[in-house]
Amino acid sequence: MTRIILGIAVAACAALGAPPLLAGPEATADQAPASIAKPWTLPRTADGKPDLQGSWTNATLTPLERAENTPLSLPKDEVERREQAFRERVSRLAEDSDPDRPAPPKGGDGSTGAAGNVGGYNNFWIDPGDRIAVVNGEYRSSLLTVPASGRVPATTPEARQRAAQRLAARKGMGQYDHPELRPLAERCLMSFGSNAGPPMLPNYFYNNNYQFVQTPDALMILVEMVHDVRVVRIGENLHHSPAHIRSWMGDSIGRWEGDTLVVETTNFHPLQNFRGASEHLKVIERFTRTGPETILYKFEIDDPTTFVEKWGGEVPFNRTEDLIYEYACHEGNYALANVLSGERNREKREADKKKSQQN
Amino acid sequence: MHSKLRDAVVALVGAGAMAAVFYTAMPVLGQQKPATAANIPRLNGKPDLNGVWQTLNTANWDLEAHSARPALAMRPGPIVPVPAKEVIALGAVGSVPGGMGVVEGGEIPYTPEARKKKEENQANWLERDPEIKCYLPGVPRATYMPFPFQIFQSNSAFAIAYEYAGAYRNIYLKDPGPPQVDTWMGQSVGRWDGDTFVVDTNGFHDQSWFDRSGNHHTEQLKVTERYTMTGRDHIQYEATIEDPGVFTRPWKMTMPLYRRVETGARLGQFKCVEFVEELLYGQYRKEPIP
Amino acid sequence: MTRATTFNTTVVALAAAAVFTSPKLGVDAASEGGQAPSSIAKPWVMPRTADGKPDLQGTWSNATLTPLERGPKESLHLSEEEAERIENRTREVAEFRDAPSDPDRPPPAKGGDERPLPPGDPTFIERISAAAGGAVGGYNNFWLDPGERVLRIDGKPRAGMVIDPPDGRVPALTPEARQRMGQQAAPRKKFGQFDHPELRGLAERCLTSFGSNLGPPMLPNYFYNNNYQIVQTKDHVMIMTEMVHDVRVIRLGDNLQYPPKSVRLWFGDSIGRWEGDTLVVETTNFHPLQEYRGASENLKVTERFTRNGPTSIHYRFTVEDPTTFTAPWTAELLFNTFDEMIYEYACHEGNYALGNILGGERAKEKREAEATRKPQP
């Protein structure tokens, strides 16, 4: 009798054997040598759901769109060519500058990229990712998978009119006239591009890092840049906020469909427009843990007032072992003050020059 | 006669024993209840701190005990000090509520120079309080801002997302080594001490304040927090503050954290960076608004 | 208990009940409700709350015609005749003042006029209210409601409320207090009384009521509205004074602490405990602006509330502040049942007066300045 009880107790302990709370990032240490490849089991949280937790990055060389009607899949040699070209470029830009080089021509040397021309960013700071995206073993020429053309669908006439209205509202204003006219990232309101989104897309610039923490009723997504937190509420019978409550990154509700977390987001902040879509934007995301180092992230964009059809794509999120750091953008935002005051100084100089010429 | 004496002795001993049991079981005044209440939710055998929490005190106005005052920024008046010009229009909305303070022992043990700097900070509150510019609040101020925060505790991680300014702290469960860089929110490492979650944080720079009354620190600051659940909906929170750059000894603040229990309680969003653009950049507009 | 002891206890209880219901313990009621016909006087039983404590709850008024201090040579008690004279004269004067005005009367003299009163010795109330209603007429008598009865304790009319020191007068100020008050007054000497809002009285600023309504000590203001509401639980007694909707929360219990000295509260911080059937309340930490006769920072007030009948609470208080008074002093009065509703007293929200007083003086100064500037014709 005691033996049976002991046996049950042992089994119970094993069943309850979720990784202890004190464990660090999920251990990949128990990967067996390649000769005896241990099959990977989907790790699960205490409530039996796939474990999406950890630090992840969606940095990649693969752009959002591809050339019209070209294949989604890239042949291996093309992948190697692109990755090699990227590595060569980086190493070229990382070479020491010639200390005897002349001053650049006025207005810059015409080179492109963030580090080019007058040099906003030295290439040292740029870190877009160095690999082509791989989904289900296939190398991708674009993150976008729907529509088959590989291009974001056309916008609706209504969307074009909204865009025209936005432009008209700024008529007569210079791009440096007011802080509200600067991009969201320059104002430290959000990251570049659509890092936080949703959809959560790489910015091809730097810092595409995320941290996921998961509980039975929430998936917390921390977007390192700019320390933005999305809280996806998970459960049944959850409702979105009232229509007039609009949040940066919208309001997200998730539920599990089998081993995939499906998240629906609406109620986007009016200033956060994704390619023109904001008020009626609905984003569906699907998170599936596909391996020890990967999550497959699928997104779908649905806004009939902006796009003539739904569209979407697939983005691999890869584990990163690096720490996530504090991104105190606003606290160090000398740039915005300098951008605006620089223009004010220039205007003053020109005005003074004109005045002295008249005298 | 003998049996009566024996009965009496037995009764006395029994009473003594009962008294002993009773008095040891009684909580000592001032200490928190041990977290053994049956109704505490648990996760992996430890108290489950998941949820939306908020403090209910005046710590963010002034950590030390204080009477209510007319405003955070004052200037001399003909009879008594009056609110500074910049805040007059706020009227009672800008007034400071009174509070009994959260500092154990009453006063923050500053060195004389550091106490002077605190008073200077307070006298120049409008220019110096980082909260005004929507800067990250630091630790432990983030805990007692008048906004909720949400704890995410899982089998492998512990994170706190604060509504105020979207501040965020990842609490490392495995020490990553010394902080690589000084930050507003520091670097936090957490561990369990019985049923108390203990978080050690350092790697701060000196730019954040502890409250709206000018209480400050240096980059030597170390904060040790203890989160102890005393019931389903309450956490007893303590933060020990050490900073030999300004204090003569470590000191402690304590306060309850209350769970937000309304149906559908959730973290709101207060991305205030946008709200302070006129304050920070208004002078650089093409035409500053008069 | 044996049957004998039970019987003895019952006898004692009945006797006690008889003693406590005797009219001697001051049924000096503003209302007369609830008295049985004198032939079958029903013994009064102390009403108690669920936790067995005397029930102090209800609405109460401490309005009375009796002043705090009696005259320098007066004895503690008035004769019943003198008390009735005061009450009758008060009624007479009120009727006189309430008489309809002569519609054909001429305008008052510039600067106001003193209206003649009926002949006879003016009462203490008349002397005070003359200031309120006389001359240019701040308050028409319609608004004044100082009370109708002289204070009677144990059935005997009182000439004043102070019982210690025995001369019935508040003790002298200490030299320290006189110096302090001089120092506080000095910076104000350079101001006119209408120069700044902070120079006006607390009541005019709608910060507190007139006089010391909520205090503590809780005293009548001889003006109007001396109404209070008391709500009581096992660990708190809440006293609300209708004017100006101010609330004192008295915490009851052991091991309660006062706030640090740096925390100063209007009406101080009160901690209470029951001693038998008397609620004893001690209050410290008074707000620096809430001076009671010069005392504030070191003021301590001890109050004793004893329900002494169906319609009254006996209230005794001691004021101590060795930095202000040369001796502690004690006074007593009654709070009487008050059958009407308590209303909202939104003083500040309707405070046109303060703005008009200051603005009026500014307008006068401006007129005078312009008059001096104008060239003489």
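Scroll up a little and you will see the structure.
Quick notes on the rules
The numbering scheme is per chain: residues are counted from 1 as the chain's sequence reads. Key to labels: chains lettered from A, ligands numbered from 1, both in the order written. Confidence filtering applies because this is a predicted model: local features only for residues at pLDDT of at least 70, side-chain atom pairs given and counted only at 80 or more, and all residues used for totals across whole chains, interfaces and linings. By convention in this description, side-chain values take in all heavy atoms of the structure and omit both hydrogens and water. Here a helix means four or more residues in a row that DSSP labels H or I, a strand means two or more in a row labelled E, and each is numbered from the N terminus. Between buried and exposed lies partly exposed: a residue is buried under 20% and exposed over 50% of the maximum accessible area for its type, with that area taken using a 1.4 Å probe on protein chains only. Whether two residues touch is decided by their heavy atoms; if any such pair falls within 4.5 Å, the residues are in contact. Each accessible area is a Shrake-Rupley result for a 1.4 Å probe, and residues are judged covered by the shown protein chains and nothing else. The set of buried Ala, Val, Leu, Ile, Met, Phe, Trp, Tyr and Cys residues whose side-chain atoms join them within 4.5 Å is what this entry labels a nonpolar core. Two parts placed together each lose some accessible area under a 1.4 Å probe, and the buried area is that loss summed for both. When a carboxyl oxygen of Asp or Glu lies within 4 Å of a side-chain nitrogen of Lys or Arg, that pair is called a salt bridge. For the purposes of these results, a polar contact is taken to be a pair of N or O atoms within 3.5 Å, where, inside protein, one atom must be able to donate a hydrogen and its partner to accept one; residues adjacent in sequence count only when each atom of the pair is a side-chain atom. Nonpolar residues are Ala, Val, Leu, Ile, Met, Phe, Trp, Tyr, Cys and Pro. Charged residues are Asp, Glu, Lys and Arg, and all others, Gly as well, are polar. Here the rule is simple: two strands pair whenever DSSP picks up at least two bridges between them. Axis definition: a line fit to C-alpha positions, over the contact stretch in the case of helices; interaxial angles, taken between N-to-C directions, run 0 to 180 degrees. Nonpolar side chains (Val, Leu, Ile, Met, Phe, Trp, Tyr) are joined into patches within 5 Å and like charges within 9 Å, using only residues with over 30% relative accessible area and no salt bridge. Positive charges are assigned to Lys and Arg, negative charges to Asp and Glu, while His and the chain termini are left out of the count. Note that the charge is assigned to NZ on lysines, CZ on arginines, CG on aspartates and CD on glutamates. Both cavities and pockets are sets of points on a 1 Å grid over the protein atoms alone; in a cavity a 1.4 Å probe fits but cannot get out, in a pocket the set is open with protein on both sides within 12 Å along at least five of seven lines, and lining residues sit with an atom within 4 Å of a point. Grid points are joined across faces, edges and corners, and a volume is the space filled by probe spheres set on the points.

**Some words on the overall build of chain A**
Along chain A, the regular secondary structure elements total four helices and twelve strands. The proportion of buried residues among the 359 residues of chain A is 43%. Within chain A, residue pairs in contact and separated by at least 24 positions form 60% of the contacts whose partners lie at least 6 positions apart. For chain A, the accessible area works out to roughly 19600 Å², and carbon and sulfur atoms hold 55% of it.

**Thoughts on the overall build of chain B**
Looking only at helices and strands, one finds four helices and 13 strands in chain B. Expressed as a percentage of its 290 residues, the buried residues of chain B come to 50%. Nonlocal contacts in chain B, meaning residues at least 24 apart in sequence, comprise 60% of its contacts between residues at least 6 apart. Element-wise, carbon and sulfur atoms account for 58% of the exposed surface of chain B, whose accessible area totals about 14000 Å².

**A look at the nonpolar core**
Counting residues in each nonpolar core, the largest one holds 51 residues, and the members touching the most others are Phe 212, Ile 221, Phe 287, Trp 311 and Phe 317 of chain A. Among the elements that line this core, the one with the most residues is strand β11 (residues 294-302) of chain A, at four residues. Beyond its immediate sequence surroundings of up to four residues, Ile 221 of chain A is in contact with Met 200, Tyr 210, Gln 211, Phe 212, Asp 228, Val 229, Arg 230, Val 232 and Phe 287 of chain A. Core analysis: the next-biggest nonpolar cluster, separate from the first, contains 45 residues, Val 281, Ala 295, Leu 299 and Phe 325 of chain C among them.

**Focus: the interface of chain C and chain B**
Across the boundary between the two partners, chain C contributes eleven residues, which contact ten residues of chain B. Summing both sides of the interface, chain C and chain B together bury roughly 780 Å²; the carbon and sulfur share of this comes to 72%. Taken together, the connections running from chain C to chain B amount to zero salt bridges. Where chain C packs against chain B, one counts two residue pairs in polar contact (both at pLDDT 80 or more). When the residues that make up the side of chain C that touches chain B are grouped by side-chain class, the tally is five nonpolar, three polar and three charged.

**Observations regarding the pairing of strand β5 (residues 227-232) of chain C**
Residue and element names in this part refer to chain C. Taken together, the four bridges between strand β1 (residues 58-61) and β5 define a ladder with antiparallel strand orientation. Considered in β5, the bridge of Trp 60 is made with Tyr 228. Across five bridges, the pairing between β5 and strand β6 (residues 236-241) is antiparallel. Across the sheet, residue Val 231 finds its bridge partner in β6, namely Met 238.

**Some points on the pairing of strand β11 (residues 312-320) of chain C**
Residues and elements named next belong to chain C. By the bridge criterion, nine bridges tie strand β10 (residues 300-309) to β11 in an arrangement that is antiparallel. By the bridge assignment for β11, Arg 307 is matched with Ile 313. Joining the antiparallel neighbours β10 and β11 is a turn of two residues. Strand direction decides the pairing type here: β11 and strand β12 (residues 329-337), joined by eight bridges, are antiparallel.

**Brief notes about the sheet that holds strand β13 (residues 251-259) of chain B**
Taken together, the nine strands give a closed barrel; going around it, the order is β3-β6-β7-β8-β9-β10-β11-β12-β13 (chain B), and neighbouring strands pair in mixed fashion. When strand polarity is set aside, the average angle formed by the axes of neighbouring strands in this sheet is 30°.

**Topic: the interface of chain A and chain B**
Of the residues lining the interface, 54 residues belong to chain A; the matching set on chain B comes to 44 residues. Between Glu 180 of chain A and Arg 285 of chain B there is a salt bridge, and its shortest N-O distance comes to 2.7 Å. At the junction of chain A with chain B, the criterion picks out 23 residue pairs in polar contact (both at pLDDT 80 or more). For the side of chain A that touches chain B, the secondary-structure elements that each account for two or more residues are β5 (209-215), β6 (218-223), β7 (228-234) and α4 (334-358) of chain A. Top contributing element to the side of chain A that touches chain B by residue count: α4 of chain A, with six residues.

**Points about a negative patch on the surface**
A surface patch of like charges, here negative, comprises Asp 145, Glu 148, Asp 339 and Glu 340 of chain C. If you trace the backbone, Glu 148 of chain C turns up in the loop between α3 (124-133) and β2 (152-153).

**Some remarks on empty space enclosed by the protein**
Under the definition given, this model contains two cavities of 30 Å³ or more. Put simply, the largest cavity is a space of about 320 Å³. Lining of the largest cavity is provided by 22 residues; of these, Ile 324, Tyr 325 and Glu 326 of chain A together with Tyr 168 and Gly 186 of chain B occupy positions nearest its centre. Within the residue set of the lining of the largest cavity, elements represented by two or more residues are β8 (168-172) and β9 (187-193) of chain B. The element best represented in the lining of the largest cavity is β8 of chain B, accounting for four residues. Considered class by class, the residues forming the lining of the largest cavity number twelve nonpolar, seven polar and three charged.

**As for the side chain of Arg 319 of chain A**
Along the chain, Arg 319 of chain A turns up in strand β12 (residues 311-319). In terms of polar contacts, Arg 319 of chain A uses its side chain to reach the backbone carbonyl oxygen of Pro 292 of chain A, at 3.3 Å.

**Concerning the environment of Gly 107 of chain A**
Note that Gly 107 of chain A resides in the loop between α2 (76-93) and β2 (134-135). Excluding residues within four positions of it along the chain, Gly 107 of chain A makes contact with Asn 117 and Val 118 of chain A.

**Here's the deal with unusual backbone geometry**
Cis geometry is found at the peptide bond from Val 146 of chain A to Pro 147 of chain A, where omega equals 5°. In this fold, Pro 147 of chain A is placed in the loop between β4 (144-146) and α3 (157-169). Between Pro 198 of chain A and the following residue, Pro 199 of chain A, the backbone shows a cis peptide bond with an omega angle of 5°. Position of Pro 199 of chain A relative to the elements: it lies in the loop between α3 and β5. The backbone phi angle of Ala 165 of chain B is positive, close to 55°, even though this residue is not glycine. With respect to the helices and strands, the residue Ala 165 of chain B is situated in the loop between β7 (158-162) and β8. You will see that Tyr 222 of chain C, though not glycine, has its phi angle at about 60°, which is positive. Relative to the assigned elements, Tyr 222 of chain C resides in the loop between α4 (175-185) and β5. Assessed through its relative accessible area of 11%, Tyr 222 of chain C is described here as buried.

Function cannot be read off these values alone, since they describe shape.
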